[in-house]
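Read off the chains here:
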Amino acid sequence: MGLDKSVLPVKPGHPAAGKRLLFINDQLVALPSSLLSIFQKNPIINNRLIYPILNDLFQAKFKEPDSDGKAQAGISGVAEETVHEFFSRRFNPDVANYFVSALCRGIFAGDSKHLSMRSCFPPLYEAERKHRSVILGMMNAPRDILPSDSCDLVQAARRERWAMWTLREGLGLLPDTLAEKLQEKGVQIRYNSPCQQLHVNANSCKVELENETLEAQHVISAVPAKALAYSLSSHDFLCQQVQDIISVTVGVVSLQYDGDVLPTQAFGFLVPALQPSWVLGVIYDSCTFPEQDAAGKKTTRLTVMMGGHWFHELFGSPQLVQKERLTQHAMESVREHLGVDTPPEHVSCEVLEECIPQYVVGHQARLGKKCEK
């Protein structure tokens, strides 16, 4: 698409590639990042990580649940586990309470005690089933083989082991350019055309827009579950199944400070659910992609994530919460967690309502019912 020169990669050796932090017991603690670190006492779990790893390696072989949903050999009392239950069993409760809780808050803005292991982390779920151990399963996972005709940029990313990447002008450039290139090839894109009704049968689909009806063999939905449920109102069963997929609201506050105000360079930090805090985590944007800083001077740019599964508990209704309140709590958290006392130069706040779906226990069964129907 001609965007090669806009790509900003993060390669091994960059602080954002190798240093991730947790905020625990009112301090920032680095996650283990080397083989040696698993043999050293970890301040997060107050023990050596090698012990929970050995627990995973030497557990009994996983056995499938029997016909009434009860697991055999006492490995698990139910057919489907939460993420928290899975990691508590495979490793230990500390790993689940700190590392995994923070991970789920960072990825899903969700609670690991509600999210489904099978739905949220299918490769790790399958690793246990096929190889008896999560660690052994990861070690035996087949390496992705790049097609011989892969472009130079893809080959460079694999060869140089990029940890992440963005575009200099922002990732919004990607869908804009993709739309432009598709339209050049004759693809029709309907903008501002909400789907009024979606009719599905065994062989085709009809998409009713405001002023026309489109017929298709396949329809791919990339809208929130609530919006899809509205479009499926003529299919009672499908509509109900889709409505059962809940989503959470996230407050996002962007802060820009003059100069380098961070205590350490890293990707950012996450906060596990056990640690009282207004925030889910903070991303150090200026550390990860300094090329996007304001021209002519050094700045510190932070993205503060708030709420998620806990939004209503902390801030009340997303429709009624004041952005000034979210911004104030974000700045307070940056001051308390990072020691930044100076006020930011620039601030922006957005409330992203029901933006991240939550694949809770029972999600796979719900998908199965849709397919059967």
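The structure reproduced in this document is the subject of the present report. These numbers were taken from a predicted model, which means no experiment stands behind them. (Residues numbered from 1 in each chain as written. Predicted model: local features only at pLDDT ≥ 70, side-chain atom pairs only at ≥ 80, totals over all residues. Heavy atoms only, no water.)

**Quick notes on the pairing of strand β7 (residues 197–200)**
- Direction of pairing for β7 relative to strand β8 (residues 205–208): antiparallel, over a ladder of four bridges. When the bridges of β8 are listed, H199 appears paired with K206.
- The hairpin formed by β7 and β8 contains four residues between the paired strands. (Pairing = 2+ DSSP bridges. Helix = DSSP H or I, 4+ residues; strand = E, 2+ residues; numbered from the N terminus.)

**Thoughts on the side chain of T249**
- Position of T249 among the secondary structure elements: in strand β10 (residues 247–258).
- A polar contact of 3.0 Å, which involves the side chain of T249, links it to the backbone nitrogen of E354.
- Setting aside anything within four residues of it in sequence, one finds T249 in contact with M306, G307, G308, F311, P318, V351, L352, E353 and E354. (Polar contact = N/O pair within 3.5 Å; in protein donor to acceptor, adjacent residues only side chain to side chain. Contact = heavy atoms within 4.5 Å.)

**With respect to the nonpolar core**
- I44, V83, F87, F99, M117 and F121 are the most contacted members of the largest nonpolar core, which has 28 residues in total.
- Within the residue set of this core, elements represented by two or more residues are β2 (21–24), α2 (50–57), α3 (83–90), α4 (93–107) and α5 (117–120).
- Of the residues forming this core, the biggest block, seven residues, is contributed by α4.
- With residues up to four places along the chain from it excluded, the contact list for F99 reads L22, L31, P32, N42, I44, I45, L49 and D94. (Core = buried A, V, L, I, M, F, W, Y, C linked by side-chain atoms within 4.5 Å. Buried < 20%, exposed > 50% of the residue type's maximum accessible area, 1.4 Å probe, protein only.)

**Regarding the pattern of salt bridges**
- For the structure shown, the criterion picks out 12 salt bridges.
- Two residues, K11 and E160, come together in a salt bridge whose shortest N-O distance is 3.1 Å. Within this pair, whereas K11 is found in the loop between β1 (7–10) and α1 (15–18), its partner E160 is found in helix α8 (residues 152–160), the two being separated by 149 residues in sequence.
- Here E160 falls in the partly exposed class, since its relative accessible area comes to 28%.
- With its nearest N and O atoms 2.8 Å apart, the salt bridge here joins R90 to D56. A residue pair is termed long-range when its members are at least 10 positions apart, and R90 in helix α3 and D56 in helix α2 qualify at 34 residues. Summarising the burial analysis for this pair, R90 and D56 share the class buried.
- Overlapping salt bridges bring together D56, E81, R89, R90 and E128 as one network. (Salt bridge = Lys/Arg side-chain N within 4 Å of Asp/Glu carboxyl O.)

**Remarks on the sheet that holds strand β9 (residues 213–216)**
- Taken together, three strands build an open sheet; the order of strands is β7-β8-β9 and the sheet is antiparallel. One side of each edge strand has no neighbouring strand; the edge strands of this open sheet are β7 and β9. Direction aside, the axes of adjacent strands within the sheet are offset by 15 degrees on average. (Axes fitted to C-alpha atoms, helices over the stretch in contact; angles between N-to-C directions.)

**What to know about the packing of α3 against α4**
- Interhelical geometry of α3 versus α4 gives an angle of 140 degrees and a closest axis separation of 8 Å. Taken together, α3 and α4 sit at an angle that is classed as oblique. Crossing geometry of α3 relative to α4 is assigned as right-handed. Contacts from V83, H84, F87 and S88 of α3 reach α4 at P93, A96, N97, V100 and C104. (Parallel < 35°, antiparallel > 145°, perpendicular 65-115°, else oblique. Left-handed = near helix turned anticlockwise from the far one by under 90°.)

**Details of helix α14 (residues 323–338)**
- For α14, which comprises 16 residues, the first-to-last C-alpha distance of 22 Å matches the rise-based estimate of 22 Å (1.5 Å per residue) to within 8%.
- Taken together, the buried positions of α14 are occupied by L326, T327, H329, A330, S333, V334, H337 and L338. Take α14 and look down its axis: the buried residues cluster within an arc of 165 degrees, on one side only. In α14, the exposed positions angled more than 90 degrees off the buried face are occupied by E324 and E336.
- Once α14 ends, the next one or two residues include G339, with phi positive near 75 degrees. (Expected span 1.5 Å × (residues − 1). Arc of directions from axis to C-beta.)

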